[in-house]
Amino acid sequence: MTGLCVTDSLSSWSPPVSDGELNLQSLSLGNGDLKKSSSTSVQCTPDIEKKYVHRVYEAIAPHFSSTRFAKWPKVSTFLNALPRGSLVLDAGCGNGKYLGLNPECFYIGCDISPPLINICLNRGNEVLVADAVNMPYRTDFGDAAISIAVLHHLSTESRRIKAIEELLRVVRKGGLALITVWAVEQEDRTLLTKWTPLAEKYSSEWVGPGSPRVRNSPSPFVLGRIPETDENGGNRIKYDSEEKREHEHVAIDEEGSSLTSGNENDIDSQQEYFVPWHLPYHRAEISGASVGALASGLAKRDEKKGTVVYNRYYHVFKEGELERITCGIKNAVIRDRFYDKSNWCIILEKT
């Protein structure tokens, strides 16, 4: 990410000042001008997201929520630095673990998953079901917004850009937005070789009735079991990025080798993956949405490991990609960008 003019690291972040600003429109895309995404087609959810994001999280919500309790220090730092009385939107709030983190601020949240929103409501949070690319909030109402581990579930660049535009739309002038996404440049490079890589592209904008293809595997594979983590006991995991490695295990063949060839060039160029989630048989969710998922082929049984396995769609981000896709967005400057626990992160200010 050379050539970017940004402020100091988040650890020393302070309220906006004029020095060190970067006008996002001045950055060059390199591949032609990026048009503002505002068409109805951008807001229409592609089939791959409906099947491998929305339906999956509806099925695994309680189990997923039980693994999401640790707060990332960088997100906590951002929220705790906000002025007293700030109104904060968490777009893609999940189970609401960041809602109320700074008790001196006010929070609202939204998520595409009704079961996760129900978990938030049962905890007394102000939340609703909404799509990150088409949020039902008025313009300029909030002081800050966060989008934590959300954009990588959007399957086209135009939808990722639209989600960023929406995040900035709802905050006032001078408001801040923190965005984090999974990185291609994982600290554990072997992790990428163990996810299931998808074919390069399937159809225009990933829209269509068919399921995406995966790259050919040299042999059949089984899926390793993911041990549950109890929030109230046992071995707690420090950060969500580490929880990811425990709970979102990988596909391996019967000999234990990865599904891909391991060629470093292939790994660096690949950004579309299926990342499996293992739902243990004893979970209550098995009697609900998982029955239909198994019948329809959305999920598979692993009898040996005692789990129902769901694949979730991910677009992992390359270094500099977040900055590149924000460069066509009006009225925004980069305040900070950093790499943290295998995630690319950016802080934008609305101007």
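Thoughts on helix 5 (residues 157-169)
Okay, step 1: In this model helix 5 runs 18 Å from its N-terminal to its C-terminal C-alpha over 13 residues, within 8% of the 18 Å that 1.5 Å per residue would give.
Okay, step 2: Taken across its 13 residues, helix 5 has 11 buried, putting it largely inside the fold.
Okay, step 3: Of all the positions in helix 5, only Ser158, Arg159, Arg160, Ile161, Lys162, Ala163, Ile164, Glu165, Glu166, Leu167 and Leu168 are classed as buried.

Side note on helix 3 (residues 73-80)
Okay, step 1: Of all the residues in helix 3, the buried ones are Val75, Ser76, Phe78 and Leu79. One face of helix 3 carries all of its buried residues, which in axial projection span an arc of 160°.
Okay, step 2: Buried residues along helix 3 sit against strand 1 (87-91), strand 2 (106-111), strand 4 (142-148), strand 5 (171-182) and strand 13 (343-350).

Re unusual backbone geometry
Okay, step 1: Even without glycine at this site, Asp140 takes up a positive phi of about 65°.
Okay, step 2: For Asp140, a relative accessible area of 40% gives the class partly exposed.

What about the sheet that holds strand 11 (residues 307-315)?
Okay, step 1: Taken in spatial order, the four strands line up as 6-9-11-10 in an open sheet, and their pairing is antiparallel. Each edge of the sheet is formed by a strand with only one pairing partner; in this case those strands are strand 6 (196-197) and strand 10 (299-302).
Okay, step 2: Sheet analysis places strand 9 (residues 272-280) next to strand 11, joined by nine bridges and oriented antiparallel. From the neighbouring strand, Phe274 faces strand 11, where its bridge partner is Tyr313.

Regarding the sheet that holds strand 12 (residues 332-340)
Okay, step 1: As summarised here, the arrangement of the seven strands in space is 3-2-1-4-5-13-12, forming an open sheet in which the pairing is mixed. Each having just a single partner strand, strand 3 (127-129) and strand 12 make up the two edges of the open sheet. Taking the axes of each pair of neighbouring strands and ignoring which way they run, one obtains an average angle of 15° across the sheet.
Okay, step 2: For strand 1 and strand 4, the ladder comprises three bridges, and the chain directions are parallel. Residue pairing across strands places Val88 opposite Ala144, the latter belonging to strand 4.
Okay, step 3: Along the sheet face, helix 3 touches strand 1, strand 2, strand 4, strand 5, strand 12 and strand 13 and points at about 175° away from the line of strand 4.
Okay, step 4: Contacting strand 1, strand 4, strand 5, strand 12 and strand 13, helix 5 runs over the sheet at an angle of about 145° to strand 5.

Cut-offs and rules
The numbering scheme is per chain: residues are counted from 1 as the chain's sequence reads. Predicted model: local features are reported for residues with pLDDT of at least 70 only, side-chain atom pairs are reported and counted for 80 or more only, and whole-chain, interface and lining totals are derived from all residues. Excluded from the side-chain calculation are hydrogens and water; included are all heavy atoms of the structure. Strands are runs of DSSP state E lasting at least two residues, helices are runs of H or I lasting at least four, and both sets are numbered from the N terminus onward. In this scheme, a helix's expected span is set at 1.5 Å multiplied by one less than its residue total. Burial classification: accessible surface area is computed with a 1.4 Å probe over protein chains only, and a residue below 20% of its type maximum counts as buried, one above 50% as exposed, and the rest as partly exposed. This arc is built from the directions going out from the helix axis to the C-beta atoms. Contact definition: two residues touch when any of their heavy atoms are within 4.5 Å. Between any two strands, pairing holds if DSSP finds at least two bridges. Lines are fitted to the C-alpha atoms to define the axes, a helix being fitted only along its stretch in contact, and any angle between axes, read from their N-to-C directions, falls within 0 to 180 degrees.

No statement about biological role is implied by the geometric values presented.
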